[in-house]
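Listed below, chain by chain, are the residues.
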Amino acid sequence: MQGGSGKLRLLLAVVLAALSSVAHAELQLSLVSKLDWDLSQPWFGGFSAFEMAPDGASAILITDRGKLITAQIKREQGHISGLNVTSVKTLLDTNGKPFKDRVHDAEGIAIGPHGTAFLSFEFDHRITSLNLKNAETRPLPNHPNFANFPVNKGLEALAVDPKGTLYAFSENATSDSVTTPLYRYADDRWDITQHVSLHPPFVPVGADIDDQSRLFLLERAVTPLGFRSRIRIFDLTTNPLISRTLLTTDPAEFDNLESISIWQDPSGRAHLTVISDDNFLPIQRSQIVEFILTE
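For the structure given in this document, a descriptive report is provided here. (Residues numbered from 1 in each chain as written. Predicted model: local features only at pLDDT ≥ 70, side-chain atom pairs only at ≥ 80, totals over all residues. Heavy atoms only, no water.)

**Quick notes on empty space enclosed by the protein**
And then number 1: Under the definition given, this model contains one cavity of 30 Å³ or more.
And then number 2: Estimates place the volume of the largest cavity at around 40 Å³.
And then number 3: Lining the largest cavity are S48, E107, G108, I109, E156, A157, L158, V205, G206, A207, S259 and I260.
And then number 4: Broken down by secondary-structure element, the contributors of at least two residues to the lining of the largest cavity are β6 (106-111), β10 (155-160), β14 (203-209) and β18 (257-264).
And then number 5: For the lining of the largest cavity, a count of residues per class yields six nonpolar, four polar and two charged. (1 Å grid on protein atoms, 1.4 Å probe; cavity = no way out; pocket = protein on both sides within 12 Å on 5 of 7 lines; lining within 4 Å. Points joined across faces, edges and corners; volume = space filled by probe spheres on them. Helix = DSSP H or I, 4+ residues; strand = E, 2+ residues; numbered from the N terminus. Nonpolar A, V, L, I, M, F, W, Y, C, P; charged D, E, K, R; others polar.)

**Thoughts on the layout of surface pockets**
In this approach a probe as big as a water molecule rolls over the atoms, and the regions it shows empty are the leftover space.
And then number 1: The space that makes up the largest pocket amounts to roughly 670 Å³.
And then number 2: Around the largest pocket, the lining is made up of 33 residues, and of these E51, M52, P54, I209 and I262 lie nearest the centre.
And then number 3: Elements supplying a minimum of two residues to the lining of the largest pocket: β2 (47-52), β3 (58-63), β4 (67-76), β6, β10, β14, β15 (214-223) and β18.
And then number 4: A class-by-class count of the residues in the lining of the largest pocket yields 18 nonpolar, eight polar and seven charged.
And then number 5: If you add up the space inside the second largest pocket, you get close to 200 Å³.
And then number 6: If you go around the second largest pocket, you meet 15 residues; those closest to its centre are E122, N152, E258, D277 and N279.

**A look at the sheet that holds strand β13 (residues 189-197)**
And then number 1: Reading across the sheet, the four strands line up as β10-β11-β12-β13 and stay open at both edges, with antiparallel pairing between neighbours. Of all strands in the sheet, those bounded by a partner on one side alone are β10 and β13. On average, each strand axis in the sheet is tilted by 25° relative to the strand beside it, whichever way the strands run.
And then number 2: Alignment of strand β12 (residues 179-186) against β13, held across eight bridges, turns out to be antiparallel. Looking at β13, one finds that R184 is bridged to D191. (Pairing = 2+ DSSP bridges. Axes fitted to C-alpha atoms, helices over the stretch in contact; angles between N-to-C directions.)

**Structural notes on the side chain of Q287**
And then number 1: Of note, Q287 is situated in strand β20 (residues 286-294).
And then number 2: Residue classification places Q287 among the buried residues on the basis of a relative accessible area of 0%.
And then number 3: There is a polar contact of 3.0 Å between the side chain of Q287 and the backbone nitrogen of D255.
And then number 4: Setting aside anything within four residues of it in sequence, one finds Q287 in contact with K34, L35, D36, F254, D255, L257, V274, I275 and S276. (Buried < 20%, exposed > 50% of the residue type's maximum accessible area, 1.4 Å probe, protein only. Polar contact = N/O pair within 3.5 Å; in protein donor to acceptor, adjacent residues only side chain to side chain. Contact = heavy atoms within 4.5 Å.)

**Overview of the pairing of β20**
And then number 1: In terms of burial, β20 is largely enclosed, as eight of its nine residues are buried.
And then number 2: The pairing of strand β1 (residues 28-37) with β20 spans nine bridges and is antiparallel. Bridging from a neighbouring strand, S30 pairs with I292 of β20.
And then number 3: Where strand β19 (residues 270-276) and β20 come together, six bridges link them in antiparallel fashion. Within the sheet, the bridge partner assigned to T273 lies in β20 and is E290.

Shown next, in the form of structure tokens:
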């Protein structure tokens, strides 16, 4: 009976994979906006975390140097034409003090269905809640793995599902180099739900989840000719997770895309907006790129 049960589970997994492939067969991304954004302000740059409002009219941005930015999105005939910054705040620790040194290096942001916000940080690898009004943060419990991440290969991608469950990816692959853990935070504790396949040299850098519990994973590869990006989609209701690649770019087609956010326009079309981290270097750009998802 055990052998029969094993064969049945295998057959079920194959059927689910086939059904998922058919369901996603018509998904396509169409580029609608590409903006190189620049401001002559000392805080400007290093945008690693980015969250669009549900209607695409405003955004929250976090920099590598611990700044919380809010901005209105300006559009012309549906294309992003600029951003109007409305506030700039400094991220604060639990004592209301600015972070020191590299401890302020935030890499991911996620905002839940009830407005609860979370941040992920590198160097001092951790995840915190975030008060969007005063920029104060409070640490969440850590998974034991977080302490073992290498420098600059920490918690890059953060996302919240429609039920408020938090998910995280690091840039650090497992020892086999072909998978990475999907961390989940629920009931005040972290666990690993599954190991997601990797296809080197791409590694996770950003994530978001839509109202259908579909996870969109932004990945990056660094090449001698420039950055490459890839976007994959996963259905979180399936086990094992099955991915479909929506976008793979050539070197230098875009800059260092690091964060992704999903929203819907009044007609119900899904938009994927991504932003690049210029690392505060003059040879790079703070670039905002937007796609429409058709299905």
